[in-house]
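# Working through the structure, step by step
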Amino acid sequence: MRVMVMVKATKNSEAGILPGDPKAPAGYATLFEDMGKFNEELVKAGVMLSGDGLRPSSKGKRVRFSGGKRTVFDGPFAETKELVAGFWIWQVTSIEEAVEWVRRCPDPMPGEESEIEIRPFYEAEDFTPEVQAQEKRLRDKIARR
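This text gives an overview of the structure that appears in the document.

Thresholds applied
- Residues numbered from 1 in each chain as written.
- Predicted model: local features only at pLDDT ≥ 70, side-chain atom pairs only at ≥ 80, totals over all residues.
- Heavy atoms only, no water.
- Helix = DSSP H or I, 4+ residues; strand = E, 2+ residues; numbered from the N terminus.
- Buried < 20%, exposed > 50% of the residue type's maximum accessible area, 1.4 Å probe, protein only.
- Contact = heavy atoms within 4.5 Å.
- Pairing = 2+ DSSP bridges.
- Axes fitted to C-alpha atoms, helices over the stretch in contact; angles between N-to-C directions.
- Expected span 1.5 Å × (residues − 1).
- Core = buried A, V, L, I, M, F, W, Y, C linked by side-chain atoms within 4.5 Å.
- Polar contact = N/O pair within 3.5 Å; in protein donor to acceptor, adjacent residues only side chain to side chain.

## Quick look at the overall build of the chain
Within the chain, the regular secondary structure consists of four helices and six strands. Along the chain, from the amino end to the carboxyl end, the secondary structure elements read β-α-α-β-β-β-β-α-β-α. Projected onto the principal axes, the alpha-carbon positions of the chain cover approximately 55 × 45 × 30 Å. Expressed as a percentage of the 145 residues in the chain, the buried residues total 27%. In the chain, the share of contacts with a sequence separation of at least 24, taken over all contacts with a separation of at least 6, comes to 72%.

## A short note on the sheet that holds strand β6 (residues 116-120)
In spatial order, the strands read β2-β5-β1-β6; together these four strands make up an open sheet with antiparallel pairing. Both outer strands of the open sheet, β2 (48-53) and β6, are each paired with one neighbouring strand and no more. If you compare each strand with its neighbour and ignore which way they point, the axes differ by 15° on average. Of the strand pairs in this sheet, strand β1 (residues 2-8) and strand β5 (residues 84-91) are connected by seven bridges, and their pairing is antiparallel. Within the sheet, the bridge partner assigned to Lys8 lies in β5 and is Val84. Contacts from helix α2 (residues 31-44) reach β2 and β5, with the element oriented near 20° to β5.

## Some details on the pairing of strand β4 (residues 69-74)
In terms of burial, β4 is largely open, as just zero of its six residues are buried. As defined by bridge partners, strand β3 (residues 61-66) adjoins β4 across six bridges and the pair is classed as antiparallel. Pairing of Ser66 across the sheet is with Lys69, part of β4. Between the end of β3 and the start of β4, which pair antiparallel, lie two residues, with Gly67 showing a positive phi angle near 55°.

## Observations concerning helix α4 (residues 129-144)
If you check α4, its first and last C-alpha atoms are 23 Å apart, about what 16 residues at 1.5 Å a residue would give, namely 22 Å. Across the 16 residues that make up α4, only a small minority, zero, are buried.

## Things to note about the nonpolar core
Judged by nonpolar contacts, the single largest core of 23 residues is most densely connected at Val3, Val5, Phe38, Leu42, Trp88 and Trp90. Looking at this core, the elements with two or more residues in it are β1, α2, β5 and α3 (95-104). In terms of residue count, the dominant contributor to this core is α2 (four residues).

## Quick word on the environment of Ser57
Here Ser57 shows up in the loop between β2 and β3. The exposure class assigned to Ser57 is buried, which follows from its relative accessible area of 7%. Separated by 21 residues in the primary sequence, Ser57 and Ala78 place their C-alpha atoms 9.0 Å from one another. When residues no more than four places from it in sequence are discounted, the contact partners of Ser57 are Glu14, Gly75, Pro76, Phe77 and Leu83. A distance of 3.0 Å separates the side chain of Ser57 from the backbone nitrogen of Phe77, its partner in a polar contact.

Below, the structure is given as structure tokens:
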């Protein structure tokens, strides 16, 4: 089972505060080191497929689709609790295993209340054979690039 594990944004992540920043709260100094060690554990266990941090929403854009119209909005976006600051993609045996890994995760936002969300991906067997074949063709093309 593949899951996306999303680190929710906070006031500090949206402000672009990184370790070494004078405005960083206590605990940020070792954040990259602590997360690096955790990521090493995930890789060694064969769990981590991908992962990255995201820049603040002020660097992003949104495109709203409505009635055939596309409207582009510049960041920042107001609802911090709805934003994602970083993510992993993990291969686990169950959502319970993912929860156990998250319980071992260093605090992703020291000095602030933070949240990590776990969401399973749809898998090929969730779809019709036609959709499965289309997905396979696309994945094969991507793999050849």
